[in-house]
Structures are given as C-alpha cells and as structure tokens.
Amino acid sequence: MRDEALIHFFYGRQISAGVHLHTNGGAAPALISEAAPYLHPKEPGRCVVGFCAAHPSAVDDIVSVPPQGWQNWKFQEWDSWFGRINGVFLVDLTKLIVTQYPLYSCAPQVVRCDLTGLPGRLMPVEEWLTS
C-alpha cells in the first residue's frame, strides 16, 4: 500500500494545484515545515513551485485545482477528491496552519507544522492555536 498525500496551498478563495506525494505522505507536515522558507505567503501557485524547489525528489505529480466551492468542502468531498492513505493537507497561508483530511476520519484535524519560515507575517502555529 502506498503512503500517499496531496497538498494544496490557499489564500482566501485562491487555491493552488495539488502537490501529489506518491510515497512518504505521512511526512507531509515535516516536508511543509521544511519548505516554509520557499513558500510565498499570498500566492498559492508560487507555493507549489517553492515546495517543489525544496523537495524535488518528493513530488511525483501535480493535480489540478479543486472546483469552485472547495472552501465549503467537508471530509466527504475531500475524500472523493483524493481519498488516499494520508489524505489532503490544506495549507492556509492567511492563518499559517495546516489542516489534514485523512482517509479514515470524518473530521479535519489541525496538524502541527512550523510555518514561521514564511516571508511576511510570521506567527507560530502554537501561538495561533492558543489565541
């Protein structure tokens, strides 16, 4: 069984194409953290490029942008969109948090992921969660 994950970056209603990891999907939060200095805080598309630049051997494919209405999706829609082992990771560039829609869960969960390396507004995830 492959350890897959899909990562989308979003800023407001703008969302990037998805970065598809065919292997090592369980390491997606760590990979996102390590890519933080390469991410652009207000341009989701550039984040995909930055993630690929940070981890050229980890990215296996790029998946299209989800259809309109994605911001209201719950587990069911994200599962239909991707539905593989580690599910979908949504990187919110406004709040600097990462939410995971995993394969075997009915609720999203905030994933601890250090995005303080982002240029621009810097705020640790722990600070956002406690404020």
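Residues numbered from 1 in each chain as written. Predicted model: local features only at pLDDT ≥ 70, side-chain atom pairs only at ≥ 80, totals over all residues. Heavy atoms only, no water.

**Student:** Which residues make up the pattern of salt bridges, and what values do they have?
**Tutor:** The tally for this structure, following the rule as stated, stands at two salt bridges. Arginine 84 serves as the salt-bridge partner of glutamate 4, at 3.8 Å between the closest nitrogen and oxygen. Placement of the pair is glutamate 4 in the segment before β1 (5–11) and arginine 84 in the loop between α3 (75–81) and β5 (88–92), with a sequence separation of 80 residues. Overall, glutamate 4 belongs to the buried group, its relative accessible area being 5%. The class for arginine 84 is partly exposed, based on a relative accessible area of 34%. Where glutamate 43 meets arginine 46, a salt bridge forms, and the shortest distance between an N and an O atom there is 3.7 Å. Note on glutamate 43: relative accessible area 34%, which makes it partly exposed. (Salt bridge = Lys/Arg side-chain N within 4 Å of Asp/Glu carboxyl O. Helix = DSSP H or I, 4+ residues; strand = E, 2+ residues; numbered from the N terminus. Buried < 20%, exposed > 50% of the residue type's maximum accessible area, 1.4 Å probe, protein only.)

**Student:** Provide a residue-level description of the packing of aromatic side chains, including the pertinent values.
**Tutor:** All told, the structure shown has five aromatic pairs when counted by the stated rule. Their ring planes at 65° and their centres at 5.2 Å tell us that phenylalanine 10 and tryptophan 70 sit as a pair that is edge-to-face. Linking phenylalanine 10 in strand β1 with tryptophan 70 in the loop between β4 (61–63) and α3, this pair joins segments that are 60 residues apart in sequence. These aromatic residues form a ring-pair network of at least three members: Trp73, Trp78, Trp81 and Tyr101. (Phe/Tyr/Trp six-rings, centres within 6.5 Å; stacked < 30°, edge-to-face > 60°.)

**Student:** Break down the side chain of asparagine 86 for me, citing the residues and quoting the values.
**Tutor:** Relative to the assigned elements, asparagine 86 resides in the loop between α3 and β5. Here asparagine 86 falls in the buried class, since its relative accessible area comes to 16%. Polar contacts involving the side chain of asparagine 86 include one to the side chain of aspartate 3, which spans 2.3 Å. Look past the residues within four positions of asparagine 86 in its chain and what remains in contact with it is Asp3, Glu4, Ala5, Gly25, Gly26, Gln100, Tyr101 and Pro102. (Polar contact = N/O pair within 3.5 Å; in protein donor to acceptor, adjacent residues only side chain to side chain. Contact = heavy atoms within 4.5 Å.)

That is the geometry; function is a separate question.
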